4 protein chains.
Amino acid sequence: MSATTQLPNDLKAQRDAFHEELKAMSITPLWLNLATAAQNEPKVDAVPHIWRWRDIKPMMLRGGDLISPQEAERRVLMLINPSFEAKSARTVGMIFGGIQFLMPGEIADSHRHSPNAQRFIIEGEGSYTAVEGERTIMKKGDFVTTPAWRWHDHGNESDQPMAWLDGLDLPFANLLDANFFEDYVEGDGQMQPIYRQEGDSIHRWGRGMRPAWQEPIEPRQSPVLNYRWTDCRDNLHALREEEGSPFDGIIMAYVNPLNGGPTLPTISAYLQLLRKGEHTRSHRHTSSTIYHVAEGGGGTLVGDTEYLWEEGDTFVIPSWVEHEHWSDGGEAVLFSYTDRPILNAFGFYREAAGDRRA
Amino acid sequence: MSATTQLPNDLKAQRDAFHEELKAMSITPLWLNLATAAQNEPKVDAVPHIWRWRDIKPMMLRGGDLISPQEAERRVLMLINPSFEAKSARTVGMIFGGIQFLMPGEIADSHRHSPNAQRFIIEGEGSYTAVEGERTIMKKGDFVTTPAWRWHDHGNESDQPMAWLDGLDLPFANLLDANFFEDYVEGDGQMQPIYRQEGDSIHRWGRGMRPAWQEPIEPRQSPVLNYRWTDCRDNLHALREEEGSPFDGIIMAYVNPLNGGPTLPTISAYLQLLRKGEHTRSHRHTSSTIYHVAEGGGGTLVGDTEYLWEEGDTFVIPSWVEHEHWSDGGEAVLFSYTDRPILNAFGFYREAAGDRRA
Amino acid sequence: MSATTQLPNDLKAQRDAFHEELKAMSITPLWLNLATAAQNEPKVDAVPHIWRWRDIKPMMLRGGDLISPQEAERRVLMLINPSFEAKSARTVGMIFGGIQFLMPGEIADSHRHSPNAQRFIIEGEGSYTAVEGERTIMKKGDFVTTPAWRWHDHGNESDQPMAWLDGLDLPFANLLDANFFEDYVEGDGQMQPIYRQEGDSIHRWGRGMRPAWQEPIEPRQSPVLNYRWTDCRDNLHALREEEGSPFDGIIMAYVNPLNGGPTLPTISAYLQLLRKGEHTRSHRHTSSTIYHVAEGGGGTLVGDTEYLWEEGDTFVIPSWVEHEHWSDGGEAVLFSYTDRPILNAFGFYREAAGDRRA
Amino acid sequence: MSATTQLPNDLKAQRDAFHEELKAMSITPLWLNLATAAQNEPKVDAVPHIWRWRDIKPMMLRGGDLISPQEAERRVLMLINPSFEAKSARTVGMIFGGIQFLMPGEIADSHRHSPNAQRFIIEGEGSYTAVEGERTIMKKGDFVTTPAWRWHDHGNESDQPMAWLDGLDLPFANLLDANFFEDYVEGDGQMQPIYRQEGDSIHRWGRGMRPAWQEPIEPRQSPVLNYRWTDCRDNLHALREEEGSPFDGIIMAYVNPLNGGPTLPTISAYLQLLRKGEHTRSHRHTSSTIYHVAEGGGGTLVGDTEYLWEEGDTFVIPSWVEHEHWSDGGEAVLFSYTDRPILNAFGFYREAAGDRRA
């Protein structure tokens, strides 16, 4: 790209007039827009950010007093990247994160939408999510899928507030102009009928077998309703003697058993163990990540900023920002999810090791 | 979704205070954002628009006097949707369209970028595009591919201006924070070395065979450099006695011979014949389209607005807007391209027949 | 096809001479071979057959006295279809079944081969199979994979004889002229080194997650070493209230978690529950099946022959032979495997419902 | 594998008796069958062989006098590997080759079958093949596809005999017990109705585009009816300055435009140019090949046997036999086809460079 040198006044004036006329025609010359169109490296608008559980939790409880799930459709605190407007629904990259909570006795009515969704349980025990006729009682650390266009509802049948991290590809669906939504209107309009026993989907699809007489609804969506914390944590620990990833330690992806790929077509989710004293090597990549601290404490260096985190915190790392993680005072487990399947699908994923640590 | 009814002053005040505090935490309650997050149908910001060749061409010639390709990197008039800012590079949906032109003797220096690109030749004959060591001399109606991260340069060795419609997934690469760019710096920094004869890629990959000893660079990118107008127009006419698509007449997709899919991973391109007197049935879908009139004249009803078009014009139809086409006074051929592969990849593509015509 | 009518003697003689001369040239006229080349339906050479456990078991014990695993390479009783020669290794279709047994203290030395293999445990408990550095202690009903070209060895560390049904695509590898074999010669030449803990493969690949830093060796091979009987039986029973397949009852396929397909590239394996009083509808298909009775008793009508079976029996149904199953006196569980992936891969699979039962 | 040492008479007698009893049970001990079950390298029964056109052509003309296409179903001289019986239909590996010929005015009635078929034209001009409502007039060197279960008929409307090499996966369909056949009985029972113009399939699917409103019948089958000799030969010559394959010179695969793969699901076909003086390096692989000399002369060393060939000859190379080619006195073009897609589909393909030439 050429630097703009001093122009004769005359030429400059002509160009200005020309550009003005073009603007009126909804035309922009590329040469006025090279900074965003022909950039050596991505110019990333999103910024790193951390939302602390000790700040969110009181707001959540207050929100429980101030608005009902029926008024709110879902009682969700949307975590919006400081660089973006709320209507973008962008937490980072093409993904959204929000804190949803249900007070004892509350119901979040059944609906469905074209964006794909998942939940990671932060606190509480005894609420259910129902999808496709099956209910699962959720516990801390469980990972629950509610893929695109599946009816789903939640209810808190316990005596304690329950909170989870919602993950959706809502920003992507919005940017694609493909966001559809439908309220459930059968019966009482709140709950779908339950015609499968608890655990059905894991027996049917998730334990090494599949029914030979039945085709799955959509192979790109995991049919497993709940990836149980106890099972997943066991998997991590079974591999704890391995070297693992230099950038992430013992990190495992949740898998769609129908194709071995990510649990949602657009979102990969991970669980990762940072062992006592582990400090990973830095790297960067063109996927964007939302992290949630499932266990323990530690820190992450993102660009030049150090974020120290503890259980319940949620933080984001945008595309192409170098980062490294460490545990602090023991072991830590991070849950995370990324928009990497979107980048992978078209060859836009790039990754580079950082130079801060060997 | 529940309607908001009259609230007691007290509760309203508490809620307002609550929302204000959340805002300071980069948190937005979903219930304040339902209009964009939980919408029955896509809320599409882009608008339909037409850019007329009779308006653009004089500006193109004037631009030729005012700025050189070297100053401009590429001399492109970016067609920006009236709803969007220039830096978005969004013509419609996830795709970009721009008019690039080269005056006699000019060169557009070699570079490469992670966005995928294609060209449809509007006017002139005798310029070349070079990709991966092969040059093709371009003619009106030719469809030329320059996929992601391939070095490419253009030169006008004729005695007339030459113009083409650039098509890129630039908005998508930008939104994904995955836009990389590199200038060619070998040799004179302008032209890549040519080590293949003209027509190489079509013989090598595009005429029903492939070399058994060579793997393609990237199977998602068409290795065919130039889909010749004369061949493609022949294909259309060979099927002219068919009924074709009720919504589009005789419409054919350009195909990547490596996988039978679209020519670029993110963009499908089409050529379509509207026969004398043909008026298609209306429909709508979640892909966004850029149309360019390759031959003849006619009209398109987009939503409630009628666009009459003639050869050289370019117009856009956003996602989920109903539309129908007709030829006027003879036959017409439309070139078009869409972001449909992006929607298809994740299950976001929807289509519905319209109710305006049987 | 035309019937051959009475020919003039002269023409017949000329034809005979002509055919004789062709034969000497390694040429056969199609018209002398229409019965096998242009047949309305498959002419299947294989026949249905049953091998009864009460007959095999004494032979197995006798074999244990007469030959050592080291002399035999593997102490396997090959079940050869009565229509075929032993060297074909064809039990039915493209698959092989054999009874392998190890006496207390015996070892079957490590080797590898290009045919894919699996084991279904018939009797005993306490032997191991080792594959890729992991050992699994096998129990009755377990389903163990040893895919192509993986080193594997077995050892009986218990105080009882142990028997399993070997399943391989050996006939297919032989017919393809692609059968390679290699003996393990490192160390003592008997046992591969064990560097993974028991259960590693199930935690690593088989419980809904996969390590993000590791690529599987070959995605077409299941990396799960042992599909445990107790888990698999649970899966079946969890779906027992469903209607299931009209032809097979509650039938589930063992699944490769890397792609959702069969556990071996060439062989699909199934476990199937016939409930008390269940009698399936008849059908036929172009895949060939080896059945093994895992639990209970019942019968199968194959063509016109009724086979009554009990636990431990093994029987085969060739391609395109109509068949139906029933349980007798309670519930029954059948393990089975087929060459269907081979037929599916090229479009050769056909299935037709029978007319014997609604 | 252990060598069998001298056994005590007693043990030997017991073993013999044991083996005899097993035999009566349709059981063979693996230890008596290790030579075919556990072999270090494939034991290939098929042998290399050449059929010379100068021998076949007179037989073809004589056959034209002795039997009609209607009597013969198809007048085909089946080239049967000297190691196999005629009913196997095995020319080599899983593929069949036969010489089909039509005398002036003759018709080969319409039929269809589950085996996939292709034709390479040896001699003559002016016969047609009809598939799916389209006729193509065939010329020397054309490559014509008639995939599985498509109605097809041939007719010779010229005044000269016409001959082509039929290629089918008939042995594979037979071995899979999946060979179905059906005679056409509509109309006169001879010819299917023609409702597409000549060249339709190449315009519709084969020239870089596809109709957007139409799904292909079966993506694994090439929809292109005729790969023209003149086009294909041009492709080869366009790449003649390349180094090409060390083992095969300038070798190109015919391609299915729907998926970039082979033209039939089971058979890859190739055209290969051996330039003047070219002598390839030797190699071997687990696919089996039928070669046909399309132009010129030369030789092939197969194992230890040298085959000198000239235009019109057909020869075979079985799996895992080392071979190398050379042209003699000018350039040569070989057409060939292999069963490699079958081996590739399951991981059975292996290849090794030979040691005879650097």
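This text follows the structure it describes.
Reference entry: report on the structure contained in this document. (Residues numbered from 1 in each chain as written. Chains lettered and ligands numbered in written order. Predicted model: local features only at pLDDT ≥ 70, side-chain atom pairs only at ≥ 80, totals over all residues. Heavy atoms only, no water.)

1. Focus: the interface of chain B and chain D
Between chain B and chain D, the residue contacts involve 35 residues of the former and 35 residues of the latter. Counting the surface lost from both chain B and chain D, the interface buries some 3000 Å², and carbon and sulfur atoms represent 60% of this. Taken together, chain B and chain D are joined by 4 salt bridges. One salt bridge connects Arg-204 of chain D with Glu-242 of chain B, and the closest N-O pair in it is separated by 2.5 Å. The interface formed by chain B and chain D holds 14 residue pairs in polar contact (both at pLDDT 80 or more) in total. Elements with a contribution of two residues or more to the side of chain B that touches chain D: helix H6 (200-206), strand E13 (209-211), helix H7 (229-238), strand E15 (250-254) and strand E16 (268-274) of chain B. In terms of residue count, the dominant contributor to the side of chain B that touches chain D is E15 of chain B (5 residues). Along the lines of polarity and charge, the residues of the side of chain B that touches chain D split into 18 nonpolar, 10 polar and 7 charged. In the sheet, E15 of chain B pairs with strand E13 (residues 209-211) of chain D via 3 bridges, with the strands oriented antiparallel. From the neighbouring strand, Ala-253 of chain B faces E13 of chain D, where its bridge partner is Arg-210 of chain D. (Contact = heavy atoms within 4.5 Å. Buried area = accessible area lost by both parts, 1.4 Å probe. Salt bridge = Lys/Arg side-chain N within 4 Å of Asp/Glu carboxyl O. Polar contact = N/O pair within 3.5 Å; in protein donor to acceptor, adjacent residues only side chain to side chain. Helix = DSSP H or I, 4+ residues; strand = E, 2+ residues; numbered from the N terminus. Nonpolar A, V, L, I, M, F, W, Y, C, P; charged D, E, K, R; others polar. Pairing = 2+ DSSP bridges.)

2. Structural notes on the pairing of strand E18 (residues 289-295) of chain C
For a regular strand, side chains alternate in direction, first toward one face of the sheet and then toward the other. All names here are of chain C. Taken across its 7 residues, E18 has 6 buried, putting it largely inside the fold. Sheet topology places E18 next to strand E21 (residues 314-317); 4 bridges connect them, and they run antiparallel. Opposite Ile-290, over in E21, you have Val-316 as the bridge partner. Pairing geometry for E18 and strand E23 (residues 332-338), over 6 bridges, is antiparallel. Bridging across to E23, Ile-290 finds its partner in Tyr-337. (Buried < 20%, exposed > 50% of the residue type's maximum accessible area, 1.4 Å probe, protein only.)

3. Some details on the arrangement of the chains
For chain B and chain C, which are not in contact, the least C-alpha distance works out to 17 Å. Contact between chain A and chain D is absent, and the least distance between their C-alpha atoms amounts to 18 Å.

4. Observations regarding the sheet that holds strand E4 (residues 96-102) of chain C
Pairing in this open sheet of 7 strands is antiparallel, and the strands run E14(C)-E9(C)-E6(C)-E11(C)-E4(C)-E3(C)-E1(D) from one edge to the other. Edge positions in the open sheet fall to strand E14 (226-227) of chain C together with strand E1 (27-29) of chain D, since each of these has one partner strand only. As judged from the 2 bridges shared by strand E9 (residues 143-146) of chain C and E14 of chain C, these two strands associate in the antiparallel manner. Bridge pairing in E14 of chain C places Phe-143 of chain C opposite Tyr-227 of chain C.

5. Thoughts on the interface of chain D and chain C
In this assembly, 86 residues from chain D lie in contact with 86 residues from chain C. At the boundary of chain D with chain C, the tally comes to 4 salt bridges. Linking chain D with chain C are 34 residue pairs in polar contact (both at pLDDT 80 or more), by the criterion used here. The greatest single-element share of the side of chain D that touches chain C, amounting to 7 residues, is contributed by helix H1 (residues 9-24) of chain D. When its residues are assigned to classes, the side of chain D that touches chain C shows 48 nonpolar, 20 polar and 18 charged. One ladder, built from 3 bridges, connects strand E1 (residues 27-29) of chain C with strand E3 (residues 76-79) of chain D; its direction is antiparallel. Bridging from a neighbouring strand, Thr-28 of chain C pairs with Met-78 of chain D of E3 of chain D.

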